[in-house]
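Reading the structure
Spelled out, the chains give:
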Amino acid sequence: MAGTRQIERGLVQVKEVRVRYERRPHSAAPIRDALQTLSGGGTVTVDIETADGLVGTAASSFGRLDGAPRTLATLIEEELAPVVVGRDVAQIGAIVEALKVETEYHSHSGITTFGISAIDVALWDLLGKAHGVPTYQLWGAYRDRVPAYAMVGWSNYDVDGVRKQCAMAVEQGFRGVKLKVGAGDLADDVRRIEGVRAEVGDNVAIMVDANQVFTVEEALRRGAVYAGLGVGWLEEPLRADDAAGYAELVRRAPLPIATGENLYGARQFREFFERRAFGVVQPDLRRAGGPTEIRAIGALAGAFGIPYASHGGGPAALSLLLSVPTAIWLETGLRQSPDAFPRIENGYALAPQGPGFSWE
(Lines give C-alpha, C1' and ligand atoms only; values in the text may rest on other atoms or scores of the structure.)
Protein backbone atom coordinates (compact mmCIF):
# COMPACT_ATOMS: atom_id res chain seq x y z
CA MET A 1 0.00 0.00 0.00
CA ALA A 2 2.99 2.33 0.09
CA GLY A 3 2.42 3.25 -3.54
CA THR A 4 -1.21 4.15 -2.83
CA ARG A 5 -0.26 6.42 0.09
CA GLN A 6 2.30 8.20 -2.05
CA ILE A 7 -0.27 8.66 -4.84
CA GLU A 8 -2.53 10.37 -2.32
CA ARG A 9 0.28 12.76 -1.42
CA GLY A 10 1.12 13.30 -5.12
CA LEU A 11 4.69 12.07 -4.62
CA VAL A 12 5.00 9.11 -6.99
CA GLN A 13 7.69 10.35 -9.35
CA VAL A 14 9.32 8.62 -12.27
CA LYS A 15 12.87 7.59 -11.44
CA GLU A 16 13.86 5.77 -14.63
CA VAL A 17 12.63 4.80 -18.10
CA ARG A 18 14.17 1.60 -19.47
CA VAL A 19 13.78 0.48 -23.08
CA ARG A 20 14.67 -2.77 -24.80
CA TYR A 21 13.85 -4.19 -28.22
CA GLU A 22 13.99 -7.46 -30.06
CA ARG A 23 13.58 -8.41 -33.68
CA ARG A 24 11.23 -11.16 -34.75
CA PRO A 25 12.73 -13.92 -36.90
CA HIS A 26 11.33 -14.06 -40.40
CA SER A 27 8.68 -16.74 -40.89
CA ALA A 28 8.97 -19.29 -43.69
CA ALA A 29 5.24 -18.76 -44.31
CA PRO A 30 4.44 -15.15 -43.35
CA ILE A 31 0.88 -13.91 -43.05
CA ARG A 32 -0.43 -11.58 -45.76
CA ASP A 33 -3.29 -9.22 -46.44
CA ALA A 34 -4.31 -7.38 -49.60
CA LEU A 35 -1.73 -4.64 -49.02
CA GLN A 36 1.41 -6.24 -47.62
CA THR A 37 3.25 -9.27 -46.30
CA LEU A 38 3.77 -9.12 -42.54
CA SER A 39 7.21 -10.59 -41.97
CA GLY A 40 10.01 -9.57 -39.65
CA GLY A 41 9.46 -6.62 -37.34
CA GLY A 42 9.66 -7.12 -33.60
CA THR A 43 8.78 -5.62 -30.24
CA VAL A 44 9.84 -2.66 -28.10
CA THR A 45 9.27 -2.92 -24.34
CA VAL A 46 9.21 0.08 -22.00
CA ASP A 47 9.54 -0.12 -18.20
CA ILE A 48 8.88 2.99 -16.13
CA GLU A 49 10.04 2.77 -12.52
CA THR A 50 9.30 5.05 -9.58
CA ALA A 51 11.58 5.90 -6.69
CA ASP A 52 9.78 3.37 -4.45
CA GLY A 53 10.27 0.52 -6.92
CA LEU A 54 6.88 0.35 -8.67
CA VAL A 55 7.22 -0.57 -12.36
CA GLY A 56 4.77 0.04 -15.19
CA THR A 57 5.32 -1.81 -18.45
CA ALA A 58 4.24 -1.51 -22.07
CA ALA A 59 5.12 -3.29 -25.30
CA SER A 60 4.75 -1.98 -28.86
CA SER A 61 4.93 -4.44 -31.74
CA PHE A 62 5.70 -4.19 -35.46
CA GLY A 63 4.46 -6.68 -38.02
CA ARG A 64 7.19 -5.81 -40.51
CA LEU A 65 10.21 -3.49 -41.05
CA ASP A 66 13.22 -5.05 -39.34
CA GLY A 67 14.79 -1.72 -38.37
CA ALA A 68 11.66 -0.27 -36.77
CA PRO A 69 12.10 -1.72 -33.25
CA ARG A 70 15.60 -0.27 -32.88
CA THR A 71 14.47 3.07 -34.35
CA LEU A 72 11.58 3.32 -31.91
CA ALA A 73 13.72 2.29 -28.94
CA THR A 74 16.24 5.03 -29.79
CA LEU A 75 13.49 7.64 -30.10
CA ILE A 76 12.05 6.71 -26.69
CA GLU A 77 15.44 6.60 -24.97
CA GLU A 78 16.85 9.83 -26.39
CA GLU A 79 13.82 12.05 -26.93
CA LEU A 80 10.86 10.91 -24.83
CA ALA A 81 12.36 9.42 -21.66
CA PRO A 82 14.07 12.66 -20.52
CA VAL A 83 10.67 14.39 -20.57
CA VAL A 84 9.15 11.71 -18.33
CA VAL A 85 11.85 11.26 -15.68
CA GLY A 86 11.05 13.23 -12.53
CA ARG A 87 7.40 13.74 -13.42
CA ASP A 88 4.46 12.89 -11.16
CA VAL A 89 2.82 9.64 -12.28
CA ALA A 90 -0.60 10.94 -11.22
CA GLN A 91 -0.41 13.66 -13.92
CA ILE A 92 -0.41 11.44 -17.00
CA GLY A 93 -2.34 13.94 -19.11
CA ALA A 94 0.27 16.61 -18.49
CA ILE A 95 3.08 14.18 -19.35
CA VAL A 96 1.44 13.22 -22.65
CA GLU A 97 0.97 16.88 -23.60
CA ALA A 98 4.61 17.57 -22.73
CA LEU A 99 5.67 14.71 -25.04
CA LYS A 100 3.60 16.22 -27.86
CA VAL A 101 5.27 19.58 -27.37
CA GLU A 102 8.71 17.97 -27.33
CA THR A 103 8.06 16.20 -30.65
CA GLU A 104 6.14 18.96 -32.42
CA TYR A 105 9.11 19.94 -34.63
CA HIS A 106 9.05 16.62 -36.50
CA SER A 107 5.34 15.86 -35.81
CA HIS A 108 3.84 13.76 -33.06
CA SER A 109 2.37 11.22 -35.47
CA GLY A 110 3.89 8.21 -37.23
CA ILE A 111 6.52 6.35 -35.26
CA THR A 112 6.61 9.16 -32.69
CA THR A 113 3.06 8.26 -31.72
CA PHE A 114 4.14 4.64 -31.22
CA GLY A 115 6.63 5.96 -28.66
CA ILE A 116 4.18 8.27 -26.89
CA SER A 117 1.64 5.44 -26.80
CA ALA A 118 4.12 3.07 -25.18
CA ILE A 119 4.98 5.66 -22.53
CA ASP A 120 1.28 6.29 -21.94
CA VAL A 121 0.44 2.58 -21.54
CA ALA A 122 3.31 2.10 -19.09
CA LEU A 123 2.20 5.11 -17.03
CA TRP A 124 -1.41 3.91 -16.80
CA ASP A 125 -0.15 0.44 -15.87
CA LEU A 126 1.96 2.07 -13.17
CA LEU A 127 -0.93 4.19 -11.86
CA GLY A 128 -3.21 1.17 -11.60
CA LYS A 129 -0.49 -0.70 -9.71
CA ALA A 130 0.05 2.26 -7.40
CA HIS A 131 -3.65 2.15 -6.47
CA GLY A 132 -3.67 -1.66 -6.39
CA VAL A 133 -6.56 -2.00 -8.87
CA PRO A 134 -7.07 -2.90 -12.55
CA THR A 135 -6.60 0.32 -14.51
CA TYR A 136 -10.03 0.17 -16.13
CA GLN A 137 -11.56 0.65 -12.68
CA LEU A 138 -9.89 4.07 -12.52
CA TRP A 139 -11.73 5.06 -15.71
CA GLY A 140 -15.27 4.12 -14.70
CA ALA A 141 -16.30 0.84 -16.31
CA TYR A 142 -19.49 0.15 -18.25
CA ARG A 143 -19.03 -3.63 -18.18
CA ASP A 144 -16.73 -6.42 -17.01
CA ARG A 145 -16.59 -8.34 -20.32
CA VAL A 146 -16.92 -7.73 -24.05
CA PRO A 147 -17.61 -10.01 -27.06
CA ALA A 148 -14.41 -11.26 -28.74
CA TYR A 149 -13.63 -12.22 -32.32
CA ALA A 150 -10.50 -13.79 -33.78
CA MET A 151 -8.55 -12.25 -36.68
CA VAL A 152 -7.56 -15.49 -38.38
CA GLY A 153 -8.50 -15.33 -42.07
CA TRP A 154 -5.23 -14.07 -43.56
CA SER A 155 -4.82 -13.96 -47.33
CA ASN A 156 -1.96 -16.49 -47.34
CA TYR A 157 -4.47 -19.22 -46.42
CA ASP A 158 -6.47 -20.87 -49.20
CA VAL A 159 -10.16 -21.60 -48.66
CA ASP A 160 -9.49 -24.87 -46.83
CA GLY A 161 -6.84 -23.23 -44.70
CA VAL A 162 -9.01 -20.31 -43.68
CA ARG A 163 -11.90 -22.65 -42.88
CA LYS A 164 -9.63 -24.58 -40.52
CA GLN A 165 -8.43 -21.39 -38.84
CA CYS A 166 -11.99 -20.19 -38.30
CA ALA A 167 -13.10 -23.59 -37.02
CA MET A 168 -10.33 -23.45 -34.41
CA ALA A 169 -11.49 -19.98 -33.35
CA VAL A 170 -15.03 -21.20 -32.81
CA GLU A 171 -13.77 -24.24 -30.88
CA GLN A 172 -11.87 -21.84 -28.62
CA GLY A 173 -15.09 -19.97 -27.83
CA PHE A 174 -14.93 -16.88 -30.05
CA ARG A 175 -18.23 -15.36 -31.16
CA GLY A 176 -16.86 -14.01 -34.44
CA VAL A 177 -14.05 -14.29 -36.99
CA LYS A 178 -12.48 -11.85 -39.43
CA LEU A 179 -11.23 -12.60 -42.94
CA LYS A 180 -8.97 -10.66 -45.27
CA VAL A 181 -10.49 -9.79 -48.65
CA GLY A 182 -9.32 -7.85 -51.69
CA ALA A 183 -6.16 -9.84 -52.43
CA GLY A 184 -8.01 -11.53 -55.31
CA ASP A 185 -11.14 -10.84 -57.32
CA LEU A 186 -14.67 -10.74 -55.94
CA ALA A 187 -15.24 -14.39 -56.81
CA ASP A 188 -12.28 -15.32 -54.60
CA ASP A 189 -13.70 -13.27 -51.74
CA VAL A 190 -17.06 -15.01 -52.14
CA ARG A 191 -15.47 -18.46 -52.06
CA ARG A 192 -13.66 -17.61 -48.83
CA ILE A 193 -16.70 -16.12 -47.11
CA GLU A 194 -19.02 -18.92 -48.19
CA GLY A 195 -16.48 -21.55 -47.16
CA VAL A 196 -16.16 -20.05 -43.70
CA ARG A 197 -19.92 -19.66 -43.27
CA ALA A 198 -20.41 -23.32 -44.13
CA GLU A 199 -17.76 -24.17 -41.52
CA VAL A 200 -18.85 -21.99 -38.59
CA GLY A 201 -22.62 -21.84 -39.05
CA ASP A 202 -25.07 -18.97 -38.88
CA ASN A 203 -24.53 -17.95 -35.26
CA VAL A 204 -20.92 -16.80 -35.64
CA ALA A 205 -20.26 -13.27 -36.88
CA ILE A 206 -18.04 -12.84 -39.95
CA MET A 207 -16.29 -9.53 -40.62
CA VAL A 208 -14.03 -8.74 -43.60
CA ASP A 209 -11.02 -6.43 -43.95
CA ALA A 210 -9.77 -5.01 -47.27
CA ASN A 211 -6.70 -3.13 -45.96
CA GLN A 212 -7.17 0.07 -48.00
CA VAL A 213 -7.08 -1.41 -51.53
CA PHE A 214 -10.53 -0.44 -52.94
CA THR A 215 -11.97 2.67 -54.51
CA VAL A 216 -15.34 3.97 -53.32
CA GLU A 217 -17.16 2.35 -56.24
CA GLU A 218 -15.36 -0.98 -55.84
CA ALA A 219 -16.10 -0.95 -52.12
CA LEU A 220 -19.77 -0.38 -52.89
CA ARG A 221 -19.80 -3.14 -55.52
CA ARG A 222 -18.13 -5.70 -53.28
CA GLY A 223 -19.89 -4.45 -50.17
CA ALA A 224 -23.28 -5.24 -51.69
CA VAL A 225 -22.17 -8.83 -52.25
CA TYR A 226 -20.62 -9.12 -48.78
CA ALA A 227 -23.85 -7.83 -47.22
CA GLY A 228 -25.82 -10.47 -49.10
CA LEU A 229 -23.56 -13.10 -47.56
CA GLY A 230 -24.31 -11.87 -44.05
CA VAL A 231 -20.99 -10.11 -43.39
CA GLY A 232 -21.05 -7.96 -40.25
CA TRP A 233 -18.82 -5.14 -41.50
CA LEU A 234 -16.41 -4.13 -44.26
CA GLU A 235 -13.20 -2.83 -42.69
CA GLU A 236 -10.80 -0.23 -44.08
CA PRO A 237 -11.73 -0.52 -47.77
CA LEU A 238 -10.22 2.89 -48.69
CA ARG A 239 -7.01 4.77 -47.93
CA ALA A 240 -6.96 5.38 -44.21
CA ASP A 241 -7.02 9.20 -44.48
CA ASP A 242 -9.91 9.47 -47.00
CA ALA A 243 -12.50 10.99 -44.68
CA ALA A 244 -14.71 12.15 -47.56
CA GLY A 245 -14.65 8.70 -49.15
CA TYR A 246 -15.53 6.99 -45.89
CA ALA A 247 -18.38 9.44 -45.29
CA GLU A 248 -19.78 8.52 -48.72
CA LEU A 249 -19.47 4.81 -48.02
CA VAL A 250 -21.18 5.15 -44.64
CA ARG A 251 -24.10 6.88 -46.41
CA ARG A 252 -24.36 4.45 -49.35
CA ALA A 253 -23.02 1.03 -48.36
CA PRO A 254 -25.51 -1.71 -47.37
CA LEU A 255 -23.35 -2.87 -44.44
CA PRO A 256 -21.40 -1.09 -41.68
CA ILE A 257 -18.05 0.44 -42.68
CA ALA A 258 -15.30 0.09 -40.06
CA THR A 259 -12.09 2.13 -39.99
CA GLY A 260 -9.69 4.00 -37.72
CA GLU A 261 -6.75 1.67 -37.11
CA ASN A 262 -4.40 3.91 -39.11
CA LEU A 263 -5.53 7.26 -37.74
CA TYR A 264 -3.25 9.15 -35.35
CA GLY A 265 -4.58 11.01 -32.34
CA ALA A 266 -8.01 12.23 -31.30
CA ARG A 267 -7.87 15.22 -33.66
CA GLN A 268 -7.72 13.01 -36.76
CA PHE A 269 -10.60 10.96 -35.36
CA ARG A 270 -12.57 14.15 -34.72
CA GLU A 271 -12.69 14.94 -38.45
CA PHE A 272 -14.11 11.48 -39.20
CA PHE A 273 -16.74 11.83 -36.47
CA GLU A 274 -17.73 15.28 -37.73
CA ARG A 275 -18.09 13.95 -41.29
CA ARG A 276 -20.08 10.92 -40.07
CA ALA A 277 -17.35 8.79 -41.67
CA PHE A 278 -17.43 5.91 -39.17
CA GLY A 279 -19.85 3.00 -39.21
CA VAL A 280 -17.63 1.34 -36.61
CA VAL A 281 -14.63 3.16 -35.12
CA GLN A 282 -11.49 1.08 -34.53
CA PRO A 283 -8.58 2.81 -32.75
CA ASP A 284 -5.23 1.05 -32.65
CA LEU A 285 -3.52 1.39 -29.27
CA ARG A 286 -0.11 2.23 -30.83
CA ARG A 287 -1.25 4.65 -33.53
CA ALA A 288 -4.17 6.38 -31.84
CA GLY A 289 -1.86 7.64 -29.09
CA GLY A 290 -2.31 5.31 -26.14
CA PRO A 291 -5.05 5.17 -23.49
CA THR A 292 -5.13 8.93 -22.88
CA GLU A 293 -6.02 9.71 -26.51
CA ILE A 294 -8.26 6.66 -26.91
CA ARG A 295 -10.33 7.64 -23.91
CA ALA A 296 -11.10 10.88 -25.76
CA ILE A 297 -11.91 8.91 -28.91
CA GLY A 298 -14.17 6.62 -26.90
CA ALA A 299 -15.99 9.64 -25.48
CA LEU A 300 -16.54 10.92 -29.03
CA ALA A 301 -17.86 7.50 -30.06
CA GLY A 302 -20.33 7.67 -27.20
CA ALA A 303 -21.38 11.23 -28.03
CA PHE A 304 -21.94 10.40 -31.71
CA GLY A 305 -23.49 7.00 -30.99
CA ILE A 306 -20.87 5.13 -33.03
CA PRO A 307 -20.04 1.48 -32.23
CA TYR A 308 -16.46 1.06 -30.99
CA ALA A 309 -14.25 -1.98 -31.59
CA SER A 310 -10.57 -2.45 -30.85
CA HIS A 311 -7.88 -2.96 -33.45
CA GLY A 312 -5.76 -5.56 -31.73
CA GLY A 313 -6.05 -7.10 -28.30
CA GLY A 314 -4.12 -7.21 -25.06
CA PRO A 315 -5.07 -6.06 -21.56
CA ALA A 316 -4.85 -2.32 -22.30
CA ALA A 317 -7.08 -2.57 -25.39
CA LEU A 318 -9.58 -4.69 -23.46
CA SER A 319 -9.50 -2.30 -20.50
CA LEU A 320 -10.39 0.58 -22.81
CA LEU A 321 -13.30 -1.38 -24.29
CA LEU A 322 -14.67 -1.93 -20.81
CA SER A 323 -14.67 1.85 -20.33
CA VAL A 324 -16.31 2.99 -23.60
CA PRO A 325 -20.13 3.22 -23.66
CA THR A 326 -20.54 1.99 -27.26
CA ALA A 327 -17.95 -0.84 -27.24
CA ILE A 328 -18.98 -3.95 -29.22
CA TRP A 329 -15.95 -6.19 -29.99
CA LEU A 330 -12.45 -7.07 -28.87
CA GLU A 331 -10.16 -8.22 -31.66
CA THR A 332 -7.52 -10.82 -30.87
CA GLY A 333 -5.87 -13.90 -32.34
CA LEU A 334 -6.13 -17.61 -31.67
CA ARG A 335 -5.43 -18.66 -28.10
CA GLN A 336 -2.12 -20.50 -27.74
CA SER A 337 -3.33 -22.64 -24.82
CA PRO A 338 -6.51 -23.17 -22.76
CA ASP A 339 -4.93 -21.03 -20.02
CA ALA A 340 -4.05 -18.13 -22.32
CA PHE A 341 -5.39 -14.64 -21.77
CA PRO A 342 -7.85 -13.13 -22.17
CA ARG A 343 -10.16 -15.61 -20.54
CA ILE A 344 -13.06 -16.37 -22.90
CA GLU A 345 -16.43 -17.26 -21.39
CA ASN A 346 -19.51 -17.77 -23.57
CA GLY A 347 -17.84 -15.77 -26.33
CA TYR A 348 -16.87 -12.86 -24.06
CA ALA A 349 -13.38 -11.72 -23.08
CA LEU A 350 -13.31 -11.24 -19.31
CA ALA A 351 -11.81 -8.16 -17.67
CA PRO A 352 -8.20 -8.25 -16.43
CA GLN A 353 -8.13 -8.89 -12.69
CA GLY A 354 -4.63 -7.81 -11.70
CA PRO A 355 -3.39 -4.32 -10.79
CA GLY A 356 -2.66 -2.05 -13.72
CA PHE A 357 -2.86 -4.01 -16.95
CA SER A 358 -1.93 -7.34 -15.34
CA TRP A 359 -4.23 -10.20 -16.28
CA GLU A 360 -4.23 -11.60 -12.74
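Below or above, wherever it landed, is the structure these notes cover. All values reported here derive from a predicted model rather than from experimental measurement. (Residues numbered from 1 in each chain as written. Predicted model: local features only at pLDDT ≥ 70, side-chain atom pairs only at ≥ 80, totals over all residues. Heavy atoms only, no water.)

1. Brief notes about the packing of aromatic side chains
In this structure the tally under the stated criterion is 11 aromatic pairs. When the centroid spacing of 6.2 Å and the interplanar angle of 55° are considered together, the rings of tryptophan 139 and phenylalanine 357 count as tilted. One end of the pair, tryptophan 139, is in helix 5 (residues 135-139); the other, phenylalanine 357, is in the segment after strand 15 (348-350), with 218 residues separating them in the sequence. Of the two residues, tryptophan 139 and phenylalanine 357, neither departs from the other in class, the shared state being buried. Measuring from centroid to centroid gives 5.9 Å for phenylalanine 269 and phenylalanine 278, while their planes differ by 25°, and the two rings are stacked. Overall, the relative accessible area of 4% leaves phenylalanine 278 in the buried class. Ring pairs connect the aromatic residues Tyr246, Phe269, Phe272, Phe273, Phe278 and Phe304, which therefore count as one cluster. (Phe/Tyr/Trp six-rings, centres within 6.5 Å; stacked < 30°, edge-to-face > 60°. Helix = DSSP H or I, 4+ residues; strand = E, 2+ residues; numbered from the N terminus. Buried < 20%, exposed > 50% of the residue type's maximum accessible area, 1.4 Å probe, protein only.)

2. Some words on the pairing of strand 8 (residues 205-209)
Within strand 8, four of the five residues are buried, which leaves the element mostly enclosed by the surrounding structure. Pairing of strand 7 (residues 176-180) with strand 8 involves five bridges; the strand directions are parallel. Across the sheet, lysine 178 pairs through a bridge with methionine 207, a residue of strand 8. For strand 8 and strand 9 (residues 234-235), the ladder comprises two bridges, and the chain directions are parallel. The residue bridging valine 208 from the neighbouring strand is leucine 234, located in strand 9. (Pairing = 2+ DSSP bridges.)

3. Overview of the nonpolar core
Ranked by internal contacts, the top residues of the largest apolar core, which has 98 residues, are Val17, Ile48, Ile76, Ile119, Tyr226, Val281 and Tyr308. Other than its neighbours up to four places away in sequence, isoleucine 76 contacts Val19, Val44, Val46, Ala81, Pro82, Gly115, Ala118 and Ile119. The next biggest cluster of nonpolar side chains, apart from the first, holds seven residues, and it includes Trp233, Ala258, Ala309 and Trp329. (Core = buried A, V, L, I, M, F, W, Y, C linked by side-chain atoms within 4.5 Å. Contact = heavy atoms within 4.5 Å.)

4. Brief notes about the sheet that holds strand 1 (residues 14-23)
Pairing is antiparallel in the open sheet, where three strands are placed in the order 1-4-5. Edge positions in the sheet fall to strand 1 and strand 5 (55-62), since each of these pairs with one other strand and no more. If you compare each strand with its neighbour and ignore which way they point, the axes differ by 15° on average. Note that strand 4 (residues 42-50) and strand 5 share eight bridges and pair antiparallel. Within the sheet, the bridge partner assigned to threonine 45 lies in strand 5 and is alanine 59. The strands that helix 2 (residues 68-84) touches are strand 1, strand 4 and strand 5; relative to strand 1, the one it contacts most, it runs at about 175°. Running over the sheet, helix 4 (residues 111-131) touches strand 1, strand 4 and strand 5 and is turned about 150° from strand 5. (Axes fitted to C-alpha atoms, helices over the stretch in contact; angles between N-to-C directions.)

5. Let's talk about the environment of serine 39
Structurally, the position occupied by serine 39 is in the loop between strand 3 (37-38) and strand 4. The exposure class assigned to serine 39 is partly exposed, which follows from its relative accessible area of 22%. Sequence-wise, serine 39 and proline 147 are 108 residues apart; in three dimensions their C-alpha atoms are separated by 29 Å.

6. Considerations on the side chain of arginine 197
Mapped onto the elements of the fold, arginine 197 is located in helix 7 (residues 186-200). No salt bridge forms around the buried arginine 197; measuring N to O, its nearest opposite-charge neighbour aspartate 202 is 4.4 Å away. When neighbours within four sequence positions are excluded, arginine 197 is seen to be in contact with Asp202, Val204, Ile206, Leu229 and Gly230. (Lys, Arg positive; Asp, Glu negative; His and termini not counted. Salt bridge = Lys/Arg side-chain N within 4 Å of Asp/Glu carboxyl O.)

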